[in-house]
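# Residue-level structural notes
These are the residues of each chain, in order.
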Amino acid sequence: MKPWLLIAFLSFSFAGCSDKSTKSESPETPLSIEANPGSAMYEHSEPASFQLLKKDSTQGWQYRTDETTYKVVYVALEGKDTQHYIAKYRTLTDGATGLESQTRSIQISLSSLDNPGKTLLTAKHDCDELTLNARNFQTVKHGCCGSLDEVKLYDYQNRLIIEGDSKLIPAEVPNQFTFYLSFQAGGPDTTTIGTVHLSYSSAETYHIQVKASKPASENCGPVVPALSLRSTSKKDSYNEGLSQYDLWSLEHSTSPEQVNGLTIRANFDCDPAIGLIEIPIINGRPFGKADKNQVYWVKGK
């Protein structure tokens, strides 16, 4: 074989081996969406800003941030099926390097993908976190210096459903509705230990003030019981993964008036004098009473 033919043959062979090796060892290239300048059907942007305000010996450096972010969310607005929306978050924060806490407000605006220029919902709250759920949204304001987080749940008409310290407890009647439990420590006077909340909606919420003739033990400050829901049916259980109660015994109950066989338990284990209190739910109501604001006096305290 002539020298120049041998060189050409070897070069072609090595090139062929190199191609086969690349195809066998490299993973498939994932699909991606590339946007060409000027090709977007809709665009919206707002500038972010940072201000360094001043410095003193108490708070350190004081500053302010203004940020806007966007997400596509899958939620059900009032009277509508679940669908995708554009969510715009505007977050204003005032903070200081020498302080543990901060002051923050979050404004959320929702618009549809079909008509992104039209705002369908706007809500603004003083909080550190705002989370959009399928049928409601939750805000969290972090506690400072030993105080508890403030958690609130709103419907998509911006009406308060329930509020509580640290957490809210959902209880779902499968394929029907969900209600919520919470506790808030303190009250308008020294006899009020706190309030248990039971809420089915913004229009149907019950508040049970827990009172005692003597203040709770100083070891309890702030006073927060272990709150739970007890059922007479083995079909009902607590879902650890979803952090909610699944009430299968009530799956054919279409309204709160049909909720029975449940008891709210508040265990004040930090103060044995208060101990465990139980609030039975009868026909959907605490103690079967229609009063939205009720009082429970701790016996022997």
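Residues numbered from 1 in each chain as written. Predicted model: local features only at pLDDT ≥ 70, side-chain atom pairs only at ≥ 80, totals over all residues. Heavy atoms only, no water.

### Side note on the overall build of the chain
When its secondary structure is counted, the chain shows one helix and 20 strands. Once local pairs closer than 6 in sequence are excluded, the contacts in the chain between residues at least 24 apart make up 42%. (Helix = DSSP H or I, 4+ residues; strand = E, 2+ residues; numbered from the N terminus. Contact = heavy atoms within 4.5 Å.)

### Some points on the pattern of salt bridges
Inspection of the entire model under this criterion finds seven salt bridges. Among the charged side chains, a network of salt bridges with common partners joins Glu 78, Asp 155 and Arg 159. (Salt bridge = Lys/Arg side-chain N within 4 Å of Asp/Glu carboxyl O.)

### Considerations on unusual backbone geometry
The backbone phi angle of Asn 158 is positive, close to 65°, even though this residue is not glycine. Along the chain, the position of Asn 158 falls in the loop between strand E8 (150–155) and strand E9 (160–165). The partly exposed category is assigned to Asn 158, whose relative accessible area is 30%. For Phe 287, which is not glycine, the phi dihedral falls at a positive 60°. By the secondary structure assignment, Phe 287 is in the loop between strand E19 (285–286) and strand E20 (293–297). (Buried < 20%, exposed > 50% of the residue type's maximum accessible area, 1.4 Å probe, protein only.)

### Overview of the nonpolar core
Ranked by internal contacts, the top residues of the largest apolar core, which has 32 residues, are Phe 179, Leu 229, Leu 247, Ile 264 and Phe 268. Secondary structure elements with two or more residues in this core: strand E10 (169–173), strand E11 (177–185), strand E12 (192–201), strand E13 (204–211), strand E14 (226–231), strand E16 (244–247), strand E17 (262–268) and strand E18 (275–282). Residues Tyr 89, Ile 108, Leu 121 and Cys 127 belong to the second largest nonpolar core, which totals 17 residues. (Core = buried A, V, L, I, M, F, W, Y, C linked by side-chain atoms within 4.5 Å.)

### Focus on the layout of surface pockets
Estimates place the volume of the largest pocket at around 760 Å³. Around the largest pocket, the lining is made up of 29 residues, and of these Arg 135, Asn 136, Ile 161, Thr 178 and Tyr 180 lie nearest the centre. Of all elements in the fold, only strand E7 (136–141), E8, E10, E11 and E12 reach the threshold of two or more residues within the lining of the largest pocket. Looking at the second largest pocket, its volume works out to about 300 Å³. Around the second largest pocket, the lining is made up of 13 residues, and of these Tyr 42, Tyr 70, Ile 86, Ser 111 and Pro 116 lie nearest the centre. For the lining of the second largest pocket, the secondary-structure elements that each account for two or more residues are strand E2 (60–75), strand E3 (83–96) and strand E4 (103–112). (1 Å grid on protein atoms, 1.4 Å probe; cavity = no way out; pocket = protein on both sides within 12 Å on 5 of 7 lines; lining within 4 Å. Points joined across faces, edges and corners; volume = space filled by probe spheres on them.)

### Observations regarding the sheet that holds strand E6 (residues 129–132)
Hydrogen bonds along the backbone pair up the strands of a sheet, which may run parallel or antiparallel. The strand order across the open sheet built from four strands is E6-E7-E8-E9, with neighbouring strands paired in antiparallel fashion. Both edges of this open sheet fall to E6 and E9, since each of them pairs with a single strand only. Between one strand and the next, the sheet's axes are offset by a mean angle of 15°, whatever the strand orientation. Inspection of the sheet shows E6 paired to E7 by four bridges, in the antiparallel sense. When the sheet's bridge partners are listed, Leu 132 is paired in E7 with Phe 137. (Pairing = 2+ DSSP bridges. Axes fitted to C-alpha atoms, helices over the stretch in contact; angles between N-to-C directions.)

### So, a nonpolar patch on the surface
A contiguous nonpolar surface patch, about 330 Å² in accessible area, is contributed by Phe 50, Leu 52 and Trp 61. Relative to the helices and strands, Leu 52 resides in strand E1 (residues 49–56). (Patch = residues over 30% accessible without salt bridge, like charges linked within 9 Å, V, L, I, M, F, W, Y side chains within 5 Å. Areas by Shrake-Rupley, 256 points an atom, 1.4 Å probe, with all protein chains shown as cover.)

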